[in-house]
Amino acid sequence: MKTIFEKPASVERKWYIIDAEGKVLGRVAAKVATIVRGKNKATFVPNQEIGDYVIVLNADKVVITGKKAEQKMYYKHTGYVGGLKTNSFNKVMEKHPTQPLELAIKGMLPKGPLGRKMAKNAKIYAGTEHPHSGQKPVPVEA
């Protein structure tokens, strides 16, 4: 059996659009990560970036189940001794409404340069407006 490698120039990239209003955070992130990584294509290879672009709208209206709104914590370290900073889901959503979805998607992608490149293909917006209307994105149900 011969291994098939896609050349970057021959990869056909599509644009997808997902409306996250009223959807569960993890389910939207899993769908976006699958499309961005390219696992929905027949030519998927784990060491190449052959995924598509995804536009996520209404990221500020994403929901989480149970008591996670108060109990889920996001951690950040400043690099100094005793510099661990914590924020709850509610506080993060007030300041940066797209950040929880961005972090969830990044956590589902490979670590390293390939994962960072794939994460840039997910365009996340808090409202319904986006600057990618010229790409004619295809709606996807998450």
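Please refer to the structure higher up on the page.
To keep things clear, this report deals only with the structure shown in the data block. (Residues numbered from 1 in each chain as written. Predicted model: local features only at pLDDT ≥ 70, side-chain atom pairs only at ≥ 80, totals over all residues. Heavy atoms only, no water.)

## Quick notes on the packing of helix α1 (residues 25-37) against helix α4 (residues 99-107)
So, step 1. At a minimum axis separation of 9 Å, α1 and α4 run at an interaxial angle of 50 degrees. Put simply, α1 runs oblique to α4. You can see that α1 and α4 cross each other, and the crossing is right-handed. Between α1, through Leu25, Val28, Ala29, Val32 and Ala33, and α4, the contact on the second element is made entirely by Pro100, Leu101, Ala104 and Ile105.
So, step 2. Considered class by class, the residues forming the contact of α1 with α4 number nine nonpolar, no polar and no charged. (Axes fitted to C-alpha atoms, helices over the stretch in contact; angles between N-to-C directions. Helix = DSSP H or I, 4+ residues; strand = E, 2+ residues; numbered from the N terminus. Parallel < 35°, antiparallel > 145°, perpendicular 65-115°, else oblique. Left-handed = near helix turned anticlockwise from the far one by under 90°. Contact = heavy atoms within 4.5 Å. Nonpolar A, V, L, I, M, F, W, Y, C, P; charged D, E, K, R; others polar.)

## As for the nonpolar core
So, step 1. Residues Val32, Val56 and Leu101 are the most contacted members of the largest nonpolar core, which totals 27 residues.
So, step 2. Among the elements that make up this core, the one with the highest residue count is α1 (seven residues).
So, step 3. Discounting chain neighbours no more than four positions away, the residues touching valine 32 are Ile18, Val54, Val56, Ile105 and Ala122. (Core = buried A, V, L, I, M, F, W, Y, C linked by side-chain atoms within 4.5 Å. Buried < 20%, exposed > 50% of the residue type's maximum accessible area, 1.4 Å probe, protein only.)

## Overview of a nonpolar patch on the surface
So, step 1. A surface patch of nonpolar side chains, amounting to about 330 Å² of accessible area, comprises Met73, Tyr75 and Leu84.
So, step 2. Mapping leucine 84 onto the fold places it in strand β4 (residues 84-88). (Patch = residues over 30% accessible without salt bridge, like charges linked within 9 Å, V, L, I, M, F, W, Y side chains within 5 Å. Areas by Shrake-Rupley, 256 points an atom, 1.4 Å probe, with all protein chains shown as cover. Salt bridge = Lys/Arg side-chain N within 4 Å of Asp/Glu carboxyl O.)

## Thoughts on the packing of aromatic side chains
So, step 1. Using the criterion set out here, one finds one aromatic pair in the structure.
So, step 2. Each ring, one from tryptophan 15 and one from tyrosine 53, has its centre 4.6 Å from the other, and the planes form 15 degrees; the classification is stacked. Taken together, the positions of tryptophan 15 in strand β1 (residues 15-19) and tyrosine 53 in strand β2 (residues 53-57) put the pair 38 residues apart, joining distant regions of the chain.
So, step 3. By relative accessible area, which is 14% here, tryptophan 15 ends up buried. (Phe/Tyr/Trp six-rings, centres within 6.5 Å; stacked < 30°, edge-to-face > 60°.)

## Quick look at the pattern of salt bridges
So, step 1. Following the criterion strictly, the structure yields four salt bridges and no others.
So, step 2. Between lysine 41 and aspartate 52 there is a salt bridge; the shortest N-O distance is 3.1 Å. Highlighted residues: lysine 41 in the loop between α1 and β2 and aspartate 52 in the loop between α1 and β2, separated in sequence by eleven residues.
So, step 3. Glutamate 49 is the partner of lysine 117 in a salt bridge, and the nearest nitrogen-oxygen pair spans 3.4 Å.

## Looking at the environment of alanine 122
So, step 1. With respect to the helices and strands, alanine 122 occurs in strand β5 (residues 122-124).
So, step 2. With relative accessibility at 13%, the residue alanine 122 sits in the buried group.
So, step 3. A sequence separation of 87 residues divides alanine 122 from isoleucine 35, and the C-alpha atoms of the two residues are 9.2 Å apart.
So, step 4. Those residues in contact with alanine 122 that lie beyond four places of it in its chain are Val32, Val36 and Val54.

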